[in-house]
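Structural overview for review
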Amino acid sequence: DGGITQSPKYLFRKEGQNVTLSCEQNLNHDAMYWYRQDPGQGLRLIYYSQIVNDFQKGDIAEGYSVSREKKESFPLTVTSAQKNPTAFYLCASSPRQAQRNQPQHFGDGTRLSIL
Amino acid sequence: QKEVEQDPGPLSVPEGAIVSLNCTYSNSAFQYFMWYRQYSRKGPELLMYTYSSGNKEDGRFTAQVDKSSKYISLFIRDSQPSDSATYLCAMSATGSARQLTFGSGTQLTVLP
């Protein structure tokens, strides 16, 4: 089955620690995205990538970093600079940006909490 | 003021009821409108995608867009307990997925 796999499902971070969230897709999509979801707020875009070895900051990139070395993979690192990392993190993918009316497909998220 | 406003609920209805979910927005440039359904501890899944004003129907779901009022709606007919979820509206000026603005979601419970 084609889809997006996020791991782990739950993650705990200690103070001063960097943690990395995994996102893998087998949909052959060019574009991938990371969102943060907080209670009472809509999804907010952290980073996105339209093509391998290229990525752009979204609305709330501070304290996060990404890489896109393979088409299938778009890991997100939550660094110690992110002072409020507790949230539900969602990865998504879509076909090429140039094509309109192409919906995003989402993974099932990683819930990150502070120890 | 948020660019997209959505009543968070929670909203509880009996099985078989017609459900109306709504979002208002302030950016008149929005042209592409989406509704996502999100079950607890899962990622959102796309339900409806509409462009500009008008209605779109898919089974028990109808999406309406009124650009003059900056108001969009999702209607669910003959609601089922399996429809219990959070419903998110999302919209974009360009159709580009990287420029989506999401509402905060409405939590719906359909009681058997």
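Below is a short write-up of the structure. (Residues numbered from 1 in each chain as written. Chains lettered and ligands numbered in written order. Predicted model: local features only at pLDDT ≥ 70, side-chain atom pairs only at ≥ 80, totals over all residues. Heavy atoms only, no water.)

Regarding the interface of chain B and chain A
Accessible area lost on assembly of the parts is the figure often given for the size of an interface. Quick note on the threshold: Residue contacts are counted whenever heavy atoms from the two residues lie within 4.5 Å of one another. Put simply, buried area is how much 1.4 Å-probe accessible surface two parts lose in total, over both of them, once they are put together. Within this document, salt bridges are pairs made up of a side-chain nitrogen of Lys or Arg and a carboxyl oxygen of Asp or Glu, the two lying within 4 Å of each other. Identification of polar contacts relies on pairs of N or O atoms within 3.5 Å, with a donor-acceptor requirement for protein atoms, meaning one able to donate a hydrogen and the other able to accept it, and with residues adjacent in sequence counted only if both atoms are side-chain atoms. Here a strand is any run of E in DSSP of at least two residues, a helix any run of H or I of at least four, and the numbering for each starts at the N terminus. Only Asp, Glu, Lys and Arg are considered charged, only Ala, Val, Leu, Ile, Met, Phe, Trp, Tyr, Cys and Pro nonpolar, and every remaining residue, Gly among them, polar.
Each partner contributes to the interface: chain B provides 19 residues, whereas chain A provides 23 residues. Note on chain B versus chain A: buried area summed over both sides is about 1,800 Å², and carbon and sulfur give 52% of it. On the surface where chain B and chain A come into contact, there are one salt bridge. Across the pair Lys42 of chain B and Asp108 of chain A runs a salt bridge whose closest N-O atoms are separated by 3.4 Å. The tally of links between chain B and chain A comes to four residue pairs in polar contact (both at pLDDT 80 or more). In terms of residue count, the dominant contributor to the side of chain B that touches chain A is strand β4 (residues 32-38) of chain B (three residues). Residue classes in the side of chain B that touches chain A are distributed as nine nonpolar, six polar and four charged.

Section: the layout of surface pockets
Filter applied, for reference: A pocket, in this scheme, is an open set of points on a 1 Å grid over the protein atoms alone with protein on both sides within 12 Å along at least 5 of 7 lines, while a cavity is a set where a 1.4 Å probe fits but cannot get out; residues line either one if an atom lies within 4 Å of a point. Grid points are joined across faces, edges and corners, and a volume is the space filled by probe spheres set on the points.
Its boundaries defined by the atoms lining it, the largest pocket holds a volume of some 480 Å³. Gln37, Pro39 and Arg111 of chain A together with Gln38 and Thr86 of chain B are, among the 23 residues lining the largest pocket, the residues nearest its centre. Sort the elements by how many residues they give to the lining of the largest pocket and strand β11 (residues 106-111) of chain B lands first, with three residues. A class-by-class count of the residues in the lining of the largest pocket yields eight nonpolar, 11 polar and four charged. Here the second largest pocket defines a volume of roughly 370 Å³. Lining of the second largest pocket is provided by 20 residues; of these, Leu43, Arg44 and Asp59 of chain A together with Thr101 and Phe102 of chain B occupy positions nearest its centre. Of all the elements in the fold, those that place two or more residues in the lining of the second largest pocket are β5 (44-51) of chain A together with β10 (101-102) of chain B.

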